[in-house]
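Chain and residue survey
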Protein chains: 2
Amino acid sequence: MSTTPRPIPFGIMLQGPGSHMHAWKHPSNVPDASVNLGYYIDIARTAEDNGIAFGFVADGLYINEKSIPHFLNRFEPISLLSALATATKKIGLAGTLSTSYSDPFTVARQFASLDLLSGGRAGWNVVTSPLEGSGRNYGRPHPEHALRYQIADEYLEVVQGLWDSWDDDAFVRDRDSGTFFAPEKFRRLDHKGRFFQVEGPLNIQRSPQGQPVIFQAGSSDDGIALAGKYADAVFTHAPSLEETRTFTQKVKNSAIAHGRSAGDVKIFPGIGPIVGRTEEDAEAKYQAIAALAGLDDALAYLGRFFDHHDFSQYDPDAPLPELGDIGANSFRSTTDRIKQDAREQGLSLRQVALQAVSPRPNFIGTPEHVADELIRWFDAGASDGFILGFAAQREGLDDFVTLVLPLLEARGYHRSALEGQTLRDHLGLPRKASRYSTDAEPARKAG
Amino acid sequence: MSTTPRPIPFGIMLQGPGSHMHAWKHPSNVPDASVNLGYYIDIARTAEDNGIAFGFVADGLYINEKSIPHFLNRFEPISLLSALATATKKIGLAGTLSTSYSDPFTVARQFASLDLLSGGRAGWNVVTSPLEGSGRNYGRPHPEHALRYQIADEYLEVVQGLWDSWDDDAFVRDRDSGTFFAPEKFRRLDHKGRFFQVEGPLNIQRSPQGQPVIFQAGSSDDGIALAGKYADAVFTHAPSLEETRTFTQKVKNSAIAHGRSAGDVKIFPGIGPIVGRTEEDAEAKYQAIAALAGLDDALAYLGRFFDHHDFSQYDPDAPLPELGDIGANSFRSTTDRIKQDAREQGLSLRQVALQAVSPRPNFIGTPEHVADELIRWFDAGASDGFILGFAAQREGLDDFVTLVLPLLEARGYHRSALEGQTLRDHLGLPRKASRYSTDAEPARKAG
Ligand SMILES: Cc1cc2nc3c(=O)[nH]c(=O)nc-3n(C[C@H](O)[C@H](O)[C@H](O)COP(=O)(O)O)c2cc1C
Ligand SMILES: Cc1cc2nc3c(=O)[nH]c(=O)nc-3n(C[C@H](O)[C@H](O)[C@H](O)COP(=O)(O)O)c2cc1C
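Source: prediction; values computed, not measured. (Residues numbered from 1 in each chain as written. Chains lettered and ligands numbered in written order. Predicted model: local features only at pLDDT ≥ 70, side-chain atom pairs only at ≥ 80, totals over all residues. Heavy atoms only, no water.)

Moving on, we come to the overall build of chain A. Counting its secondary structure elements, chain A contains 15 helices and 14 strands. Since a compact globule built from 447 residues should have a radius of gyration of about 22 Å, the 22 Å found for chain A is in line with a globular shape. Split into buried and exposed, the 447 residues of chain A put 63% on the buried side. For chain A, long-range pairs separated by at least 24 residues make up 77% of all intrachain contacts whose partners lie at least 6 apart in sequence. Total accessible area on chain A stands at roughly 16,200 Å², and carbon and sulfur atoms take up 49% of it. With 45 positive and 57 negative side-chain charges, chain A shows a separation of 4 Å between the mean positions of the two kinds. (Helix = DSSP H or I, 4+ residues; strand = E, 2+ residues; numbered from the N terminus. Rg over C-alpha atoms; globule rule 2.2 N^0.38 Å. Buried < 20%, exposed > 50% of the residue type's maximum accessible area, 1.4 Å probe, protein only. Contact = heavy atoms within 4.5 Å. Areas by Shrake-Rupley, 256 points an atom, 1.4 Å probe, with all protein chains shown as cover. Lys, Arg positive; Asp, Glu negative; His and termini not counted. Charge placed at Lys NZ, Arg CZ, Asp CG, Glu CD.)

Here it is, written out as C-alpha cells:
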C-alpha cells in the first residue's frame, strides 16, 4: 500500500521519571521527578521544541504501600497542567480526571479555565477510576464497571453542555453602551438526569478551540461505546499492529454508529520506544531498565492489576494461577489481556510478572528500525498517532527527539515546529462549534 | 501609644478588573481582565516586585443574568493560581474553594499540589458558599448556614489530616538500597465522621511551608469559631477602625479558646484605597469610579446580597424596606450590616444602594493621609495586615505602589522586597509542623 507521507502526531506522558515502576532509579532521571516542577517544565519544553503535540498526565485516586513509587507522591493534574501552561507556548496539555469521584460543574470549570488560560490547549482524559480503594477516599462505595460507564456517559453530556454556556460572541464588553454581554447568548443547561441535576450556566466563556479535547482511556466494550459517542481522541494499549488496528476500527465504527465520522476520533496507542545507535545499544538500554525490577517487584506490580492480590504465595515457575473474578471491577481490559497471553503462550507466573513490569517494547532498535515501524503502523491505519510513555523518561525522550524524529521529518512524517496554536489544531481536529451555533455539527444520535 | 515600626503585610485581590461592579468599564483596565491571563500575570508581578505578600482569588459557584459582570466569566482559582506559580517567584498564591460543594480528598490534593509546585506559596480561602443557587449547579439542596459551618469544620479536620500523610523525611529515594520511602512515615488517616469517611493517605508530600495557609472569610459567629479553630489568616470587612479591632479581638479570643495563641491567626481586612497626589485628585478618582454605576445598577447590586430580591419595585427615596429573613441563608454578616447602617443612619433605599455599589473607601486621599491611616489602624491592633481590593485594579495598584508604599517603607512599615520564600514566611507564621512530629504544637482543644 503506498501512502502519501503526512506528519504523525505524538503526545508524551508526563508521569515523573517514566512508565517503569522503578524509573526513579534510572540514572537519566532525577529521583524526585514526579514532584519536581523544573523537571516537568524541561520535559514539556523539550517536547514542544521538537514538535510533540501534547503532554498527557495520568492520575489515580488511591495509594497504599504497594503502589508504584512515583504514584505515591505526584502532582495533581489540573494544577500541574496549569503551571505548565505559563511555562510553554504551543504544546497541548491533557490530563486525567475521574467521572466517578468528582462533580461535573467543578470539572467543567477547571478544564474550561485551563483551556482558556492556555489559549485553547487543554484536553481531558475521561476515566472512570479502576481502583476499588478510591471509594474509601471519597466515602462512598466504588461503583461497579457498567455503572461507572453509565455515570461517565451522563457526566460528559453535562460537561459538554456547560462548556457551551456562552455563545462565542456573547461577550460584547461595550463600554459606551455599558453592555457586557448579550443576554440571548447566555444558555442555561437545566440538565435533569439519572445521576446529575445541573442548572448552569457555567461562569466561563469558550476557548479558542471551542471546547477542551476529550480523551478516553478505557478499552472495554463500554469504554469503546463511550469513546465512539464523545471522544476526540483515545489513549489505548499497543499489543501489536494487527490488534491495535482492530481496536482502532472498533472505535471508529462506534463513532460512525453515533452519527460521527471515522476521522472525528483519533486513536493514540501508548508506546515506549527504546532507541540505540545500534541494535546492541538498544538492547543494552532495555536490559538496564529491566534490571531496575527484580521478581519481588514484578509480583507486586502484577498484583496491582488484580486488586493487590498477593502473587508471592505461588510457585513462580508454575503457570499463572486461576484468578477467577479478582480485579474484574478494576483494570478489566488489562487483566483479560494478561490472562489470555499467559494461556496462549503457556507462560509461567515469573514470565508473566517480569513481562508486566518490564515489557519489551514493540518499538526497539536502531533509529531507522523504529522510524520504519512507526511509519508502518501509521500507514497501515493502526493508529492516528502515538503517545510516548518511555520506561525511563529523560533518556527515552532525548534519544527519540535526537535520533528518530529527524528521520521521520526527512521522510515527511514529522514537523519539528508545531504550526497550529490549539490542541485541536495539532490533532487535525476542527474547532468545536457550540451546540447552539447554526454551523454546529448535526446532533449525535442517541446512544 | 508608641509602637516600633514593623512591615505591614499586604495581599492583593486578583479579581479581574477590580472590586467595583463595573470595573471593566474603567479606562485603566482591559475590559476582559477577568479572563486575561497576561493581565493577571502583570498584576501579580507588579505586586511581587513591590513586596506585596500574596495574591488572593475570590470565587463563586452560581451566576445568573444579574451577576456582577466579571463574575459571569472568570478563571477557576486552582488553575489560575497554578498558572501564576510559574510566572512569579515569591508572591503567595491564595484562592477560594467551597467546603459545601467539593470533596476533601480532591481539595486537599489540589492545594497540596499548588503548594508544592509553587515552593510553599499556597493558601486556601475556606468558604461555605453564600449563594443558594450553588446547590442547583451541584444537584443538591443548599445546606443552611449552621450546617454549612458544621460541614466546614469536619472538612478542615480531614484536609489537614490528609496533608500530614507523609512525614517530612518519609521519602528516602535511595537508589542503592532501592528504598523509595520509609513505611513507618506513611500515615493513613482513617477518618470516620458525621459527613466524611476518608481513608487516605494522600498521594503527595508536604511542602516547604508544611501545609498551605488556611484563610477563612465568614464573619458570623460560626465563621469566627471556625477561624479560631483552624485559620492562619482571616479575610474580613473594614467598616471602621474600632469595629475592625473588635472583630480582630473576637477572632483572636476564639483562637485562644481553642488552645492557640493570638498571633497564630492574622487578620486581614479588605480595603480599597483611592490615592491622589492631592485630595481633589483622589476625590476625582472616586467620582470617576462612582460614575460607573447608576441607580439601576445599584439596586441590582444590592439585590445580590438579598437572594436577588427586586429592589426596583420600591420608591428609591423612601427608607430601606423591611426585608425580614430574605438573604439570611446567604451573606448574613453583610445583610445584617446593611440593615443596621440603614436603620441607624436613616438612609433611603437610593442611599443604601449607591453606598453598596460604590462605597466611599475609608482609605482615600493623599499618599501621606493614606499611609498615616494604614499605620494608625495597624499600630492600634485593628489588623495584622490588609488585603487590597481596589475598585479599579490597575489604577489603584499602580497608585498604591508608586505613591503609598515608598512612604510606608521610609517609615519602617514596608519592605519592597519579599525576604522569605513561603507564604507563611511572608505572614510571619512558622512552618506548620506535622501532627505526627514530636515538635508539633500541642493538640488543639476540641471545639
Ligand atoms: C491506556 C490506558 C490508560 C489509562 N489511564 C488511566 C489513568 O491515568 N487513570 C485512571 O484512573 N485510569 C486510567 N485508565 C483506566 C480506565 O480509564 C478504566 O478506568 C479502566 O481501565 C477500566 O475500564 P476498561 O475496562 O474500559 O479499560 C487507563 C486505561 C488505559 C487502557
Ligand atoms: C471578606 C469576605 C470575603 C468573602 N469571599 C468569598 C468568596 O470569595 N467566595 C464565597 O463563596 N464566599 C465568600 N465569602 C462568604 C463567606 O465565606 C460565607 O460563605 C458567607 O459570608 C456566609 O458566612 P458568614 O455569615 O459567616 O459571613 C466572603 C465573606 C467575607 C466576609
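All names here are of chain B. Inspection of every chain in the model, using the stated rule, returns 42 salt bridges over all chains. Across the pair D168 and R206 runs a salt bridge whose closest N-O atoms are separated by 2.9 Å. On the criterion of sequence distance, the pair formed by D168 in the loop between α6 (145-163) and β5 (171-174) and R206 in the loop between β8 (197-198) and β9 (213-216) is long-range, its members being 38 residues apart. Judged by its relative accessible area of 5%, R206 is buried. Here R360 ties to E283 by a salt bridge, and the two come within 2.9 Å at their closest N and O atoms. (Salt bridge = Lys/Arg side-chain N within 4 Å of Asp/Glu carboxyl O.)

It is worth spelling out the environment of L388 of chain B at this point. Residue and element names in this part refer to chain B. For L388, the location among the structural elements is in strand β14 (residues 386-388). Along the sequence, L388 and F400 sit 12 residues apart, while their C-alpha atoms lie 9.4 Å from each other. Setting aside residues up to four positions removed in sequence, L388 forms contacts with F10, G11, I12, M13, I52, I271, P273 and F400.

Quick look at the site of ligand 2 now. Residues and elements named next belong to chain B. Close contacts around ligand 2 come from 19 residues, with D59, H145, Y149, A217 and S220 the closest. The backbone of D59 places a nitrogen or oxygen atom 2.7 Å from a nitrogen atom of ligand 2. At 3.0 Å, a backbone N or O of S219 approaches an oxygen atom of ligand 2. Its free accessible area being 610 Å², ligand 2 has 91% of it covered by the protein chains. Of all elements in the fold, only α6, β10 (233-236) and α11 (332-345) reach the threshold of two or more residues within the shell around ligand 2. Grouping the amino acids of the shell around ligand 2 by side-chain chemistry returns six nonpolar, 11 polar and two charged. When we break the shell around ligand 2 down by domain, the ones giving at least three residues each are domain 1 (10-280 + 361-427) and domain 2 (293-357). (Near = heavy atom within 4 Å. Polar contact = N/O pair within 3.5 Å; in protein donor to acceptor, adjacent residues only side chain to side chain. Nonpolar A, V, L, I, M, F, W, Y, C, P; charged D, E, K, R; others polar. Domains from an automatic or database assignment.)

Residue and element names in this part refer to chain B. Scanning the entire structure with this criterion turns up 59 aromatic pairs over all chains. Ring centres 5.5 Å apart and planes at 55° place the aromatic pair F181 and F186 in the tilted group. Plain terms: the ring middles of F363 and W377 are 5.0 Å apart, the flat faces sit at 55° to each other, and that makes the pair tilted. With a gap of 14 residues between them, F363 in the loop between α12 (349-357) and β13 (364-365) and W377 in helix α13 (residues 367-379) connect regions that are remote in the sequence. (Phe/Tyr/Trp six-rings, centres within 6.5 Å; stacked < 30°, edge-to-face > 60°.)

This brings us to the nonpolar core. Across soluble globular proteins, nonpolar side chains have a tendency to be buried as a group. Membership of the largest hydrophobic core comes to 179 residues, with the highest contact counts inside it found for F10, W124 and L374 of chain A together with F10, W124 and L374 of chain B. In this structure, W124 of chain B is in contact with G95, L97, T99, V107, F111, Y155, L156, V159, W163, V213, I214 and F215 of chain B, ignoring residues within four places of it in sequence. (Core = buried A, V, L, I, M, F, W, Y, C linked by side-chain atoms within 4.5 Å.)

Contacts between the two partners involve 68 residues from chain B, matched on the other side by 68 residues from chain A. The interface formed by chain B and chain A holds six salt bridges in total. Where chain B packs against chain A, one counts 32 residue pairs in polar contact (both at pLDDT 80 or more). The set of elements that each furnish at least two residues to the side of chain B that touches chain A consists of α1 (37-49), α2 (69-72), α3 (77-87), α4 (104-117), α5 (134-137), β5, β6 (179-181) and β8 of chain B. For the side of chain B that touches chain A, the class distribution of residues is 34 nonpolar, 20 polar and 14 charged.

We now examine the sheet that holds strand β3 (residues 92-98) of chain A. Residue and element names in this part refer to chain A. On the basis of which strands lie adjacent, the closed barrel formed by eight strands has the order β1-β2-β3-β4-β9-β10-β11-β14 and parallel pairing. Put simply, the sheet's adjacent strands are angled 30° from each other on average, direction ignored. Of the strand pairs in this sheet, strand β2 (residues 54-57) and β3 are connected by four bridges, and their pairing is parallel. Each bridged residue has a counterpart across the sheet, and for G55 the counterpart in β3 is L93. Packing of helix α8 (residues 241-257) onto the sheet brings it into contact with β10 (233-236) and β11 (266-271), and relative to β11 it is tilted by some 150°. (Pairing = 2+ DSSP bridges. Axes fitted to C-alpha atoms, helices over the stretch in contact; angles between N-to-C directions.)

Residue and element names in this part refer to chain B. Within the closed barrel, the eight strands sit side by side as β1-β2-β3-β4-β9-β10-β11-β14. Their pairing is parallel. Here the strands of the sheet are splayed against their neighbours by 30° on average, with no regard to which way each runs. Sheet topology note: the strand β1 (residues 10-13)/β14 ladder contains three bridges and is parallel. Considered in β14, the bridge of F10 is made with F386. Where α4 meets the sheet, its contacts fall on β3 (92-98) and β4 (122-127), and the angle it forms with β4 comes to roughly 150°.

Attention now goes to the domain arrangement of chain A. Residues and elements named next belong to chain A. Partitioning chain A into domains gives domain 1 (10-280 + 361-427) and domain 2 (293-357). Domain 1 and domain 2 are separated by 28 Å when their C-alpha centres are compared. Taken together, the contact pairs 20 residues of domain 1 with 14 residues of domain 2. In this assembly, domain 1 packs against domain 2 so that about 1,600 Å² is buried in total across both faces, 53% of it on carbon and sulfur atoms. Counting the contacts that link domain 1 with domain 2 gives one salt bridge. (Buried area = accessible area lost by both parts, 1.4 Å probe.)

What follows is about the site of ligand 1. Residue and element names in this part refer to chain A. Taken together, the neighbourhood of ligand 1 is formed by 19 residues, with D59, H145, Y149, A217 and S220 sitting nearest. Here an oxygen atom of ligand 1 sits 3.2 Å away from a polar atom, N or O, in the side chain of T128. One nitrogen or oxygen atom from the side chain of Y149 is found 2.7 Å from an oxygen atom belonging to ligand 1. Starting from 600 Å² of accessible surface for ligand 1 in isolation, the protein chains cover 91%. Counting residues per element, the ones that place at least two in the shell around ligand 1 are α6 (145-163), β10 and α11 (332-345). A domain split of the shell around ligand 1 shows at least three residues from each of domain 1 (10-280 + 361-427) and domain 2 (293-357).

Residues and elements named next belong to chain B. Secondary-structure assignment places A382 in the loop between α13 and β14. Sequence separation between A382 and R188 is 194 residues, and the spatial gap between their C-alpha atoms is 41 Å. With residues up to four places along the chain from it excluded, the contact list for A382 reads L241, T244, R245, T248 and W377.

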